[in-house]
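Residue strings, one per chain:
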Protein chains: 2
Amino acid sequence: MQFGANNTPFSREEFAFRLACTKQRMAAAGLDALYVSEPANLNYLTGYDGWSFYVHQGVLVAQDLPEPVWIGRGQDVNGARLTTILPEGNIVGYSDDHVQSNARHPLQVVAKVMRERGLERARIGVEEDSFYFTAKSLAVLKSELPNARFLDVGPMVNWVRAVKSDAEIALMRQAARIAEKTMARAIEVIDDRIRQCDAAAEILATATRGTQDHGGDYAAIAPLMPTGIGTSCPHLTWSDAPFASPAGTTVEIAGVRRHYHVPLTRTIHLGTPPDRMRKAADVVVEGLEAALAVARPGAGSRDVHAAWTSTIERHGFFKDSRCGYSIGLGYPPDWGERTISLRAVDETVLEPNMTIHFMPGLWLDDWGIAISESIRITETGVEAFCDFPRRLFIK
Amino acid sequence: MQFGANNTPFSREEFAFRLACTKQRMAAAGLDALYVSEPANLNYLTGYDGWSFYVHQGVLVAQDLPEPVWIGRGQDVNGARLTTILPEGNIVGYSDDHVQSNARHPLQVVAKVMRERGLERARIGVEEDSFYFTAKSLAVLKSELPNARFLDVGPMVNWVRAVKSDAEIALMRQAARIAEKTMARAIEVIDDRIRQCDAAAEILATATRGTQDHGGDYAAIAPLMPTGIGTSCPHLTWSDAPFASPAGTTVEIAGVRRHYHVPLTRTIHLGTPPDRMRKAADVVVEGLEAALAVARPGAGSRDVHAAWTSTIERHGFFKDSRCGYSIGLGYPPDWGERTISLRAVDETVLEPNMTIHFMPGLWLDDWGIAISESIRITETGVEAFCDFPRRLFIK
């Protein structure tokens with residue numbers, strides 16, 4: 001790998017298309033420029049890749065600039081040279097005394113770049129509710145550029161990401177093979193008296209090795225594996241206590257290729273499960289299949305949700321949370337794209353190559369179960385990325 | 001594990017002390033209340049633990065309330081019941097239609113809790129530049145509570161965390177054993193023609209297994225392992241390309257216990273290293289040892305930095321970035337505490353049981369090297385958490 005020899009899996013044309021789509025949305029919102037700080041959006045627009053999002057960094061897109069400008073920590077400039085498609089002049093580093101300092105703030109440098117690029121009085125979009133765009137970020141921008149106007153664009157670039165290219169789908173298919181291997185390994189290793197951390201180690205190693213052809217990447221979410229009463233809550237991770245029997249464990253993992261995620265969830269039960277859990281598993285699978293039968297171009301994401309809820313309600317279950325969300329490119333803390341949510345109030349009409357983690361689960365008072373699929377909307381219906389049995393696993 | 005049977009490693013008294021220290025700082029800043037959103041601060045004040053920080057959540061501390069209030073997603077309420085020390089009445093969930101929605105925002109619920117707790121006209125501190133406290137978070141609070149006054153407290157709770165208790169130090173010593181094992185494994189597995197992802201898999205598995213007595217937890221940062229020209233940038237992760245020889249790889253990992261981190265960095269060189277790299281390794285070790293000789297209670301963090309820079313400058317190296325930072329409790333994206341930075345402009349006077357990742361490295365144009373130690377300030381000097389050779393590893 002050499003400087004300038006960006007090794008992104010995407011063509012220059014694909015990056016140009018992403019930028020054009022972004023500028024189109026900016027134009028529709030009357031914006032001269034857009035400052036993007038969500039790590040996945042940085043990667044999407046420029047190829048930038050590095051675990052540097054714990055300090056302020058971002059990408060400036062302006063209607064009058066042919067290419068985005070990356071602004072980050074001086075120490076990460078070499079990383080930007082190595083990973084982005086940007087020319088040298090579009091990579092700007094700030095000095096290290098801006099890092100976590102009371103005296104200086106990195107967004108002062110961002111404002112300086114905006115000034116230098118003629119944006120002193122511009123209408124500039126910002127991602128007001130995105131990860132890592134802090135309240136202070138906006139305050140500094142407003143204070144440094146009092147004559148500019150800053151407007152919340154929400155997840156504007158995330159919406160560009162919602163429909164995947166064929167190259168992105170190819171990566172997600174590779175990720176699906178990794179997800180299958182990882183879940184199979186999880187089911188193998190989770191067992192009575194095995195420490196949870198030892199199972200997590202095998203899960204992480206399998207996901208990271210990936211396949212012989214395609215190595216795995218780090219996931220935007222650590223393996224979630226609540227066990228016992230913990231299965232009543234979807235977001236617990238492991239401890240070093242052993243698994244007990246009888247008890248259920250819900251494993252949510254993702255196969256990841258070049259930061260593209262294909263999540264997969266299954267519940268594993270050690271020992272004989274209670275009848276109510278077997279029944280719930282049947283209901284979840286029935287609801288999942290009813291929902292997938294509805295998902296196709298032109299259907300609403302709310303229709304998919306309705307198919308799920310009406311099925312489970314027939315069996316006496318009620319769940320008020322969303323049952324799926326858009327997936328793809330992601331960095332910690334989330335592999336969801338924060339755009340499409342499968343729920344009653346969502347207005348998305350599904351399109352081909354939208355990709356969704358359909359995550360039907362029942363989290364009850366003191367136990368839970370989940371059986372998910374990552375799906376792609378095809379021209380006519382739906383394709384599940386993974387080929388993995390849809391059932392409760394009993395050991 | 002049962003509801004209410006919080007399995008935190010810390011006593012009720014320790015939580016009470018943390019809260020009292022926080023309230024003392026709040027009083028000094030003239031605050032009636034404080035809204036905390038950084039995941040590590042949530043854990044520190046309440047024990048809360050879950051990978052749910054990709055949605056809005058926080059803890060409200062008020063001078064007039066005996067215990068903090070956790071506010072998060074309804075789906076995570078069971079997680080809060082399982083992991084926090086809080087009574088049932090201090091756990092508030094918001095409905096799922098607040099998640100990543102245009103119509104509702106979780107901070108509206110936070111504002112409602114503030115109103116219900118009599119804080120409608122209060123002076124309320126917020127962490128304006130903390131991870132996950134977005135610009136929108138503050139805008140919603142201000143709009144919902146126009147008569148309250150919101151003041152930026154910076155990393156106020158992080159500063160409480162800067163001096164560790166004996167119980168915290170005990171966890172960090174356990175984490176150090178994990179860090180040593182993990183680095184030893186990294187040096188074993190990194191080799192010519194081995195895929196980077198396969199080495200990363202072994203590193204992650206070793207860190208997660210931990211020791212026989214103490215399992216490992218997920219780290220707030222993925223293993224950093226830039227290789228070849230990538231070593232010029234500290235924050236690159238792995239690909240599925242094989243390691244080449246001759247080339248250097250800089251591995252930065254952490255041992256983690258219950259979210260307490262002990263990071264460790266070493267550079268490994270496959271094949272014969274160039275003389276300049278051997279020389280740089282000697283300089284880094286000399287600078288590291290000069291700095292550790294200075295670190296003690298009463299010394300300034302800038303003195304430690306000066307010892308490092310003056311040593312390397314004697315050898316013709318110059319580095320303008322900080323050479324260390326406070327460590328301990330951490331969640332993605334950072335295991336640093338965002339308080340003490342070892343640099344010329346830092347004003348911290350070191351105290352016993354401050355814990356720091358001393359991270360001396362040289363990142364040059366197209367290569368780099370780093371040899372770090374995680375340290376504790378003792379009553380008289382410094383203790384390195386890990387016992388690991390301070391040198392360039394050559395294979």
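About the thresholds
- Residues numbered from 1 in each chain as written.
- Chains lettered and ligands numbered in written order.
- Predicted model: local features only at pLDDT ≥ 70, side-chain atom pairs only at ≥ 80, totals over all residues.
- Helix = DSSP H or I, 4+ residues; strand = E, 2+ residues; numbered from the N terminus.
- Rg over C-alpha atoms; globule rule 2.2 N^0.38 Å.
- Buried ≥ 20, exposed ≤ 12 C-beta atoms within 10 Å, placed from the backbone.
- Contact = placed C-beta atoms within 7 Å.
- Pairing = 2+ DSSP bridges.
- Axes fitted to C-alpha atoms, helices over the stretch in contact; angles between N-to-C directions.
- Core = buried A, V, L, I, M, F, W, Y, C linked by C-beta atoms within 7 Å.
- Parallel < 35°, antiparallel > 145°, perpendicular 65-115°, else oblique.
- Nonpolar A, V, L, I, M, F, W, Y, C, P; charged D, E, K, R; others polar.
- Expected span 1.5 Å × (residues − 1).
- Domains from an automatic or database assignment.
- pLDDT = per-residue confidence, 0-100.
- Least-squares fit on C-alpha atoms with pLDDT ≥ 70 in both.
- Left-handed = near helix turned anticlockwise from the far one by under 90°.

## Regarding the overall build of chain A
Tallying secondary structure elements over chain A gives 10 helices and 16 strands in all. In terms of overall dimensions, chain A is globule-like: its C-alpha atoms have a radius of gyration of 22 Å, near the 21 Å expected for 395 residues. Viewed in the frame of its principal axes, chain A has a C-alpha envelope of about 65 × 45 × 40 Å. When each of the 395 residues of chain A is scored for burial, the buried share is 62%. When contacts within chain A are restricted to residue pairs at least 6 apart in sequence, those whose partners lie at least 24 apart make up 68%.

## A closer look at the sheet that holds strand 5 (residues 123-126) of chain A
Residue and element names in this part refer to chain A. Read from one edge to the other, the open sheet built from 6 strands follows the order 4-3-2-1-5-6, with strand pairing classed as mixed. Because the sheet does not close on itself, it has two edges, and the strands there are strand 4 (91-94) and strand 6 (149-152). Ignoring strand direction, the axes of neighbouring strands in this sheet form an average angle of 25 degrees. As judged from the 3 bridges shared by strand 2 (residues 58-62) and strand 3 (residues 69-73), these two strands associate in the antiparallel manner.

## What about the sheet that holds strand 6 (residues 149-152) of chain B?
Hydrogen bonds between backbone groups are what pair the strands of a sheet, and the pairing can be parallel or antiparallel. Residue and element names in this part refer to chain B. In space, the 6 strands of this open sheet follow the order 4-3-2-1-5-6, with mixed pairing throughout. Pairing within the sheet leaves two strands with one partner each, and these edge strands are strand 4 (91-94) and strand 6. Adjacent strand axes in the sheet meet at a mean angle of 25 degrees, parallel and antiparallel pairs treated alike. When strand 5 (residues 123-126) meets strand 6, the two strands line up parallel, connected through 4 bridges. Its bridge partner being in strand 6, Ile124 is matched across the sheet by Phe150. Its contacts with the sheet put helix 1 (residues 12-28) on strand 1 (33-36), strand 2 (58-62) and strand 5, and the angle it makes with strand 2 is roughly 70 degrees. Docked against the sheet, helix 4 (residues 106-116) engages strand 1, strand 2, strand 3 (69-73), strand 4 and strand 5, running at close to 155 degrees with respect to strand 3.

## Considering the nonpolar core
If you look at the biggest cluster of nonpolar residues, it comprises 258 residues, and the most contacted ones within it are A:Ala33, A:Ala179, B:Ala33 and B:Ala179. When near neighbours in sequence (up to four residues on either side) are disregarded, B:Ala33 contacts B:Leu60, B:Val61, B:Ala62, B:Gln63, B:Leu119, B:Ala122 and B:Ile124.

## A word on the packing of helix 5 (residues 135-144) of chain A against helix 5 (residues 135-144) of chain B
When two helices pack together, you describe them by how their axes are tilted relative to each other and by the distance separating the axes. Two elements in contact, helix 5 of chain A and helix 5 of chain B, have axes separated by 6 Å at closest approach and are oriented at 85 degrees. Between helix 5 of chain A and helix 5 of chain B, the interaxial angle falls into the category roughly perpendicular. Contacts from A:Ala135, A:Ser137 and A:Leu138 in helix 5 of chain A reach B:Ala135, B:Ser137 and B:Leu138 in helix 5 of chain B. For the contact of helix 5 of chain A with helix 5 of chain B, the residue count by class is 4 nonpolar, 2 polar and no charged.

## Points about helix 10 (residues 301-314) of chain A
Residue and element names in this part refer to chain A. Taking 1.5 Å per residue as the helical rise, helix 10 with its 14 residues ought to reach 20 Å, and the 20 Å between its terminal C-alpha atoms agrees with that figure. Of all the positions in helix 10, only Ser301, Val304, His305, Ala307, Trp308, Thr309, Thr311 and Ile312 are classed as buried. Where helix 10 is buried, its residues contact helix 9 (275-294) and strand 10 (334-341).

## Considering the domain arrangement of chain A
One frequent convention defines the size of an interface as the accessible area lost when the parts assemble. All names here are of chain A. Each domain of chain A was delimited in the assignment, giving domain 1 (12-161) and domain 2 (166-394). The C-alpha-based centres of domain 1 and domain 2 are spaced at 33 Å. Between domain 1 and domain 2, the residue contacts involve 11 residues of the former and 10 residues of the latter. When residues of the side of domain 1 that touches domain 2 are traced back to their parent elements, those giving at least two are helix 2 (39-46) and helix 6 (156-161). With 4 residues, the top contributor of residues to the side of domain 1 that touches domain 2 is helix 2. A class-by-class count of the residues in the side of domain 1 that touches domain 2 yields 7 nonpolar, 2 polar and 2 charged.

## Observations regarding the pairing of strand 9 (residues 324-331) of chain B
Residue and element names in this part refer to chain B. Among the 8 residues of strand 9, 8 are classified as buried, and the element is accordingly described as predominantly covered. Judged from the 3 bridges that link them, strand 9 and strand 11 (residues 355-358) form a sheet pairing that is antiparallel. The partner of Tyr325 across the bridge, within strand 11, is His357. Strand direction decides the pairing type here: strand 9 and strand 10 (residues 334-341), joined by 3 bridges, are antiparallel. In the strand pairing of strand 10, Ile327 is matched with Gly336. A loop of 2 residues connects strand 9 with strand 10, the two strands running antiparallel in sequence.

## Brief notes about the confidence of the model for chain A
Detailed reading of the predicted model is not advised wherever pLDDT is low. The pLDDT averaged across chain A works out to 96; a share of 98% of its residues lies at or above 70. If you check the scores for this complex, the pTM reads 0.97 and the ipTM reads 0.97.

## Side note on the interface of chain B and chain A
Contacts between the two partners involve 71 residues from chain B and, on the opposite side, 71 residues from chain A. Breaking the side of chain B that touches chain A down by element, the ones donating at least two residues are helix 3 (77-83), helix 5, helix 8 (196-209) and strand 10 of chain B. It is helix 8 of chain B that contributes the most residues to the side of chain B that touches chain A, 9 residues altogether.

## Points about helix 10 (residues 301-314) of chain B
In this fold, the buried residues of helix 10 of chain B make contact with helix 9 (275-294) and strand 10 of chain B. After helix 10 of chain B finishes, the residue B:Gly316 shows a positive phi value of roughly 85 degrees.

## Describing unusual backbone geometry
Cis geometry is found at the peptide bond from B:Ser245 to B:Pro246, where omega equals -5 degrees. Relative to the helices and strands, B:Pro246 is located in the loop between helix 8 and strand 7 (247-257). Residues other than glycine seldom take positive phi values, yet A:His259 does so here, at roughly 75 degrees. One can find A:His259 in the loop between strand 7 (247-257) and strand 8 (260-270). One non-glycine residue, B:Arg258, lies in the positive phi region at around 45 degrees. With respect to the helices and strands, B:Arg258 occurs in the loop between strand 7 and strand 8 (260-270).

## Things to note about the relation of the copies chain B and chain A
At an RMSD of 0.0 Å, chain B and chain A line up after a rotation of 180 degrees and a shift of 0.0 Å along the axis. One copy is carried onto the other by what is essentially a two-fold rotation axis. Mapped onto chain A, 100% of the interface residues of chain B are again interface residues, and the two copies thus contact each other with one and the same surface.

## So, the environment of B:Leu292
Residue and element names in this part refer to chain B. Within the secondary structure, Leu292 sits in helix 9. As for Leu292 and Phe358, which are separated by 66 residues in sequence, their C-alpha atoms are 8.6 Å apart. Leaving out residues up to four positions away in the same chain, Leu292 has contacts with Phe358, Ile375 and Val382.

## Side note on the packing of helix 7 (residues 166-189) of chain A against helix 8 (residues 196-209) of chain A
Residues and elements named next belong to chain A. Running from N to C, helix 7 and helix 8 cross one another at 160 degrees; their axes reach a closest spacing of 9 Å. Relative to helix 8, the element helix 7 lies roughly antiparallel. Judged by the twist between their axes, the crossing of helix 7 over helix 8 is right-handed. For the pair helix 7 and helix 8, the contacting residues are Ile178, Lys181, Thr182, Arg185, Ala186 and Val189 in the first and Ala199, Glu202, Ile203, Thr206 and Ala207 in the second. Looking at the contact of helix 7 with helix 8 residue by residue, the class counts come to 6 nonpolar, 2 polar and 3 charged.

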